[in-house]
Amino acid sequence: MANASQQPAAKAGNGYVSEEERRLAEQKRAEKARQMQALNLQRENILSQRTSSPARRQALEAALAHVESQIAALS
C-alpha cells in the first residue's frame, strides 16, 4: 500500500502540480516578462526618435506597428 504522506503524481484534475511543471511554468512566465520588457523598451526607443525625413518617419511608424503587434500577441 502506498504511503499516505506521498504526494500523488500530477494528473489532470487532481489539483496537484509537480515541481517540474511548476518550474517550467515559472520559466515561461519569466521569459514572457523579459520579452515584454524588451518590446516595451523598443517601443519607447522608437517613440523617442524625432525626424524630419518622411522616409525615416515612415520606417519608424512601420517599426512601431510591428512592435505593438508583437506586444499584443504576447498579452
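Structural notes, computed from the coordinates. What you see is a predicted model; the values in this text were computed from it and never measured.

From N to C terminus, the chain includes two helices and zero strands. Intrachain contacts of the chain at a sequence separation of at least 6 include 48% that bridge at least 24 residues. Counting only carbon and sulfur atoms, one obtains 54% of the accessible surface of the chain, whose full area is about 6200 Å².

A word on the packing of helix α1 (residues 19–48) against helix α2 (residues 54–74). When two helices pack together, their arrangement is given by the angle between the helix axes and the distance between those axes. Orientation of α1 relative to α2, taken along the N-to-C sense of each, is 155°, at an axis distance of 10 Å. One way to sum up the angle between α1 and α2 is to call them roughly antiparallel. Note that α1 runs across α2; the crossing there is left-handed. Here Lys32, Gln35, Met36, Leu39, Asn40, Gln42, Arg43, Ile46 and Leu47 of α1 come into contact with α2, specifically with Leu60, Ala63, Leu64, Val67, Glu68, Gln70, Ile71 and Leu74. By residue class, the composition of the contact of α1 with α2 is ten nonpolar, four polar and three charged.

This structure, assessed with the given rule, holds six salt bridges. The salt bridge partner of Glu31 is Arg34, with a shortest N-O separation of 3.0 Å. Taken together, the positions of Glu31 and Arg34, both in helix α1 and three residues apart, correspond to about one turn of that helix. Overall, Glu31 belongs to the partly exposed group, its relative accessible area being 36%. Between Glu44 and Arg43 there is a salt bridge, with the nearest N and O atoms lying 3.5 Å from each other. By relative accessible area, Glu44 is classed as partly exposed at 48%. Take Arg43: its relative accessible area is 26%, and that puts it in the partly exposed class.

Calculation notes
- Residues numbered from 1 in each chain as written.
- Predicted model: local features only at pLDDT ≥ 70, side-chain atom pairs only at ≥ 80, totals over all residues.
- Heavy atoms only, no water.
- Helix = DSSP H or I, 4+ residues; strand = E, 2+ residues; numbered from the N terminus.
- Contact = heavy atoms within 4.5 Å.
- Areas by Shrake-Rupley, 256 points an atom, 1.4 Å probe, with all protein chains shown as cover.
- Axes fitted to C-alpha atoms, helices over the stretch in contact; angles between N-to-C directions.
- Parallel < 35°, antiparallel > 145°, perpendicular 65-115°, else oblique.
- Left-handed = near helix turned anticlockwise from the far one by under 90°.
- Nonpolar A, V, L, I, M, F, W, Y, C, P; charged D, E, K, R; others polar.
- Salt bridge = Lys/Arg side-chain N within 4 Å of Asp/Glu carboxyl O.
- Buried < 20%, exposed > 50% of the residue type's maximum accessible area, 1.4 Å probe, protein only.

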